[in-house]
Amino acid sequence: MSDNDRHPFLAGLSKHRGAQPTCLVIFGASGDLAARKLLPALYNLAVDSLLPSDFTLIGFGRKPIPDAEFRQTSSSDIEKFSRREYRKDIWKRVCDHTYYQAGGYDEFAAYEGLKAKIASAEKTAGRPLQVVFYISTPPTVFEAILENLGKSGLASRGLGTALESKVIIEKPFGRDLASAVHLNTVAARHFQEPQIYRIDHYLGKETVQDLLVQRFANPILEPLWNNRHVDHVQITVAEELGVGSRGGYYDHSGATRDMLQNHTMQLLALTAMDQPASLSAEHIRDEKVKLLQSVQPLRLGSGGDAVRAYYTAGLSGGETVVGYHQEKDIPASSFTETFCALKLSIDNARWSGVPFYMRSGKRLARRVSEIAVQFKQPVSGLFAGDSRYDIAPNRLVIQIQPDEGMTLVLNSKVPGLEPRTQPVRLSFRYATTYGSNTPEAYERLILDAIVGDRTLFIRGDETEASWRLFTPLLQSWEKAGKQSLESYAAGSWGPSGADELLAAQGHTWRNAGR
Ligand code: BG6
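Here we summarise the structure given alongside this text. (Residues numbered from 1 in each chain as written. Predicted model: local features only at pLDDT ≥ 70, side-chain atom pairs only at ≥ 80, totals over all residues. Heavy atoms only, no water.)

## Some remarks on the site of the ligand
Looking at the ligand, the residues that line it are Lys171, His201, Tyr202, Lys205, Glu239, Arg246, Asp258, Met259, His263, Lys362 and Gln401. Lys171 has a polar side-chain atom sitting 2.8 Å from an oxygen atom of the ligand. Lys205 is positioned with one of its side-chain polar atoms (N or O) 2.6 Å from an oxygen atom of the ligand. Take the shell around the ligand: its biggest share by element is three residues, from helix H11 (residues 254–272). Considering only residue class, the shell around the ligand consists of two nonpolar, three polar and six charged. (Near = heavy atom within 4 Å. Polar contact = N/O pair within 3.5 Å; in protein donor to acceptor, adjacent residues only side chain to side chain. Helix = DSSP H or I, 4+ residues; strand = E, 2+ residues; numbered from the N terminus. Nonpolar A, V, L, I, M, F, W, Y, C, P; charged D, E, K, R; others polar.)

## Comments concerning the nonpolar core
With 141 residues, the main nonpolar core has Phe27, Leu42, Leu268, Leu342 and Leu344 as its most contacted residues. For Leu342, the residues in contact, after removing those within four places along its chain, are Leu260, Leu298, Asp305, Ala306, Phe356, Tyr357, Met358, Phe470, Leu473 and Leu501. (Core = buried A, V, L, I, M, F, W, Y, C linked by side-chain atoms within 4.5 Å. Buried < 20%, exposed > 50% of the residue type's maximum accessible area, 1.4 Å probe, protein only. Contact = heavy atoms within 4.5 Å.)

## Section: the sheet that holds strand S13 (residues 368–375)
The sheet built from nine strands is open, its strands ordered S16-S15-S14-S13-S7-S12-S11-S8-S17 with mixed pairing. Here the strands that pair on one side only, and so sit at the sheet edges, are strand S16 (421–429) and strand S17 (485–489). For this sheet, the mean inter-axis angle between neighbouring strands, taken without regard to orientation, is 20°. Here strand S15 (residues 405–413) runs beside S16; their pairing, made up of nine bridges, is antiparallel. Paired with Thr407 across the two strands is Ser427, which belongs to S16. Along the sheet face, H11 touches strand S7 (230–238), strand S11 (339–344), strand S12 (356–361), S13 and strand S14 (395–401) and points at about 145° away from the line of S12. (Pairing = 2+ DSSP bridges. Axes fitted to C-alpha atoms, helices over the stretch in contact; angles between N-to-C directions.)

## Looking at the packing of helix H3 (residues 32–47) against helix H4 (residues 67–81)
Put simply, H3 and H4 touch, their axes get as near as 8 Å, and they point 95° apart. By the angle between their directions, the pair H3 and H4 is classed as roughly perpendicular. In this structure, H3 uses Ala35, Arg36, Leu39, Pro40 and Tyr43 to contact H4, whose residues at the interface are Ser74, Asp77, Ile78 and Phe81. In the contact of H3 with H4, the residues fall into six nonpolar, one polar and two charged. (Parallel < 35°, antiparallel > 145°, perpendicular 65-115°, else oblique.)

## As for the packing of aromatic side chains
On inspection of all chains with the given rule, the structure shows 20 aromatic pairs. On the basis of an interplanar angle of 65° and a centroid distance of 6.1 Å, the ring pair of Tyr357 and Trp509 is categorised as edge-to-face. Note that Tyr357 is positioned in strand S12 and Trp509 in the segment after helix H16 (496–503), a separation of 152 residues in sequence. Residues Tyr357 and Trp509 agree in their burial class; the two are buried. Relative to Tyr434, the ring of Tyr430 lies with its centre 5.7 Å away and its plane at 65°, an arrangement referred to as edge-to-face. Taken together, the residues Tyr430 and Tyr434, both in helix H13 (residues 430–434) and four residues apart, mark about one turn of the helix. For Tyr430, a relative accessible area of 9% corresponds to the buried category. (Phe/Tyr/Trp six-rings, centres within 6.5 Å; stacked < 30°, edge-to-face > 60°.)

Here it is as structure tokens:
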């Protein structure tokens, strides 16, 4: 067991100074993710002096771009998208060691070119570098890149040493169980599992990392965290934005593949899993897999456990917006869902009988991601049956974003001579307690990959466990076409079917902020 495996939880920061000299290769370097997230993340790591002292960046993409132009566009992307002000002198240290390799992802010669660039970076550094490959291309070329990294020998560089290559693979990791298993097989042909970093950027969010601390460093919660005390759990990942310019990608994906299968399932796993044996990457991931494997197969068809819908024109953020079928690159015949709600049952001693509701969608009333744990209301009690007492069920809401924090709903007596009660909130906000300068998820994740901490990345069996749950549902929708596809007005909280999903058990969505 390496030192990182034993104490990985905060390894990112405590280890950075010992980080290996690194060459980061970004596939898809002229894409949107690189511009908006990856390059600004590197810049912010540079601001905090968290990058290794010998650090080379190589962009790889289809478009032929001279090094000087890539340096120029990278700087302006950072200026546009960085959370902190762009300072030329800071980025210069990285920019001076930034190069670009043009070529098709399936073109072997381009990988020979890449090899030469890595060799020249090592010559400049005067020592060998570890190479971290970041695949941030459309998923159609993931396989070609992995194959060529294998064939060219780049995948096995330094294998078994502290400088062995690593590969970060962006989502979506497959589009169903069979394709995820296939992709895992291709990756395993060229990389060993410890070299593979499957990304889910939700795991890099501060509030998501905090879930482990909230759950396992606050022992008062553990005795309540089960079916004796929890009535149900609601996980919401709502977006206000529509598909924007990503219609081409999104229409082949839909809300379930884009958000539920990965981001929301990760929130579920961290909320419901048992305490891991230690904070090591493997122990945490073992518990997540166990939990995902305990989720019962979804009941399909009408009256089942899933609801899907697409948005129609409406009012969003005070503006009139078009419906999904009028968005750029969306065919009128599309039956892709932009909203999905699910009711999940977990078959284990802790959670049996507790519904876990999850929903995610675009063009909803407002942007909010949260986990709401609703506790049981006592059947009888001192205050029951008297209308003067407004007793709400206790509820713990963990706000993932925005307005990150935690709220506990308790009941309190209203001051005065009348015997009245009302629910009140105890609230903790990151911004007021810690200030608002929180690192972006990608900063944390890139740094973790560089230092070799896999805790916040998805293991192969984890992604397969999640796809095993979703694949029958996606196949049934594929067959059903538009049948059972509902709609909702942009700016609303989703279709009526999502409300009915909860109403069947006497529950209602907590439409955030309420
Ligand atoms: C991405 C999805 O993974 O997450 C996008 O592909 C979505 O469709 C985005 O908008 C949401 O991320 P965040 O961090 O803004 O909640």
